[in-house]
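The chain contents come next:
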Amino acid sequence: MSSLVIQRLAGALGAEIGGVDLSRDLTESLAAAIRQALLDHQVIFFRDQDLTSEQFLRFAQAMGQPIEYPFVKGIEGYPVIIPVMKLEHERTNFGGIWHSDTTYLQQPPMGSMLLAREVPPFGGDTLFASQYLAYESLSEGMRRLLDGLVAVNSSAKADVSKTREDRIASDGRADARKDYVAEHPAVRTHPETGRKALYVNVAHTSHFRGMTPEESTPLLQYLFQHQVKPEFTCRFAWRPGSLAFWDNRCAQHNPINDYHGFRRVMHRITLAGDTPR
Ligand SMILES: O=C(O)CCC(=O)C(=O)O
Ligand SMILES: [Fe+2]
C-alpha cells in the first residue's frame, strides 16, 4: 500500500496527487504507484514541490528516460530541462494551441513534466483533453474509418511554429533542423493500457497519407473540434511549485495565453517514448 492521496479533478481525466514529497528519492513501490496513477488518470498534478533542478531530474529519471527537445536548449548544466516561459514583453506562449507533444518525431515522447517556477497573478492555466474519450465517443463507422488511416505530422505547421518563436529566439538550439515530418496511425493503441486513443492534433497533423487535401481537411477539421470538447477536458491552475506530468500518448494539452504583461516561467522535462502502433 502506498500513502498517495489521489483526488480526481474532472470526469474526463486528471488527478491531484498528495501525500508524497518529490524532493526525496522514491521507493520502487511509490514510483510504481505514481506511474500507475498516470496510466489511470492520463495527467497527474502535484502541489508545493519546490524542487531543485537536481531533484526534478531525479524524479523524472524515476519515471522514465529524460531526453532533449529538438528546438530549445536546456538550462545551465541541465540539457534535458528546458525553460518554457513567457516574459512580460512577449505575446506568444510556448505551445499555445491544442497539441500532443512533438508528434512530428518517429518516436514522440511518452510524457512530459512541467514544474511551475513563476506564475502570473491570474491566468496561464493549462487545459488537458482525453483522447481515449475522444475516440470512444465516435460512431462505430467513424472509428472503423479512422482505424485504417495514417496521419502525416509536421513541425512546420504555421500556427504552432509561431508559438515557439520567442523561445527559439532566446534559447534556440544551433543544431535544430528546420522541419521534421513523421507518419503515425490516426488511432494509436496505448502500449501500457491497451486502450485506443485518437492521435491527430491541430498543431502538427497536416493530412492523411494517400488522401488529397480536399479529402483530408474536412475530416481533420471535424476531429480537431471534436477531440477537445469540454466534457473530454480538465483545467489546471498553477501555483509556484505545482508539477504536472502528462501522458502524451493519450492526452493533449493547451496552455491558455491570457496573462499579457506578466511573466510565467516553467521548467520542463520530456520523457522518451516508443513508436506509435
Ligand atoms: O506551458 C504549459 O502549460 C505547457 C506548454 C507546452 O505545451 C509544453 O511544455 O509542452
Ligand atoms: Fe506541449
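Right above here is the structure, for reference.
Residues numbered from 1 in each chain as written. Chains lettered and ligands numbered in written order. Predicted model: local features only at pLDDT ≥ 70, side-chain atom pairs only at ≥ 80, totals over all residues. Heavy atoms only, no water.

1. Points about the side chain of glutamine 252
Looking at the secondary structure, you find glutamine 252 in strand β15 (residues 251-255). Given a relative accessible area of 2%, glutamine 252 falls into the buried group. Within the structure, the side chain of glutamine 252 is placed 2.9 Å from the backbone oxygen of valine 200, a separation counted as a polar contact. With residues up to four places along the chain from it excluded, the contact list for glutamine 252 reads Trp98, His99, Ser100, Leu127, Phe128, Ala129, Gln131, Val200, Asn201 and Gln227. (Helix = DSSP H or I, 4+ residues; strand = E, 2+ residues; numbered from the N terminus. Buried < 20%, exposed > 50% of the residue type's maximum accessible area, 1.4 Å probe, protein only. Polar contact = N/O pair within 3.5 Å; in protein donor to acceptor, adjacent residues only side chain to side chain. Contact = heavy atoms within 4.5 Å.)

2. A few points about the site of ligand 1
Taken together, Val84, Phe94, Gly95, His99, Asp101, Leu114, Thr126, Trp246, His253, Pro255, Arg264 and Arg268 make up the full set of residues adjacent to ligand 1. One nitrogen or oxygen atom from the side chain of histidine 253 is found 3.1 Å from an oxygen atom belonging to ligand 1. Separating an oxygen atom of ligand 1 from a side-chain N or O atom of arginine 268 is a distance of 2.4 Å. Secondary-structure elements contributing two or more residues to the shell around ligand 1 are β15 and β16 (264-271). Looking at the shell around ligand 1, its residues break down into 5 nonpolar, 4 polar and 3 charged. (Near = heavy atom within 4 Å. Nonpolar A, V, L, I, M, F, W, Y, C, P; charged D, E, K, R; others polar.)

3. Some points on the coordination of the iron ion (ligand 2)
Protein coordination of the iron ion (ligand 2) is provided by His99 (NE2), Asp101 (OD) and His253 (NE2), with donor distances spanning 2.1 Å. The buried category is assigned to histidine 99, whose relative accessible area is 6%. Residue classification places aspartate 101 among the buried residues on the basis of a relative accessible area of 3%. (Donors = N, O, S within 2.8 Å, 3.2 Å for Na, K, Ca; no water.)

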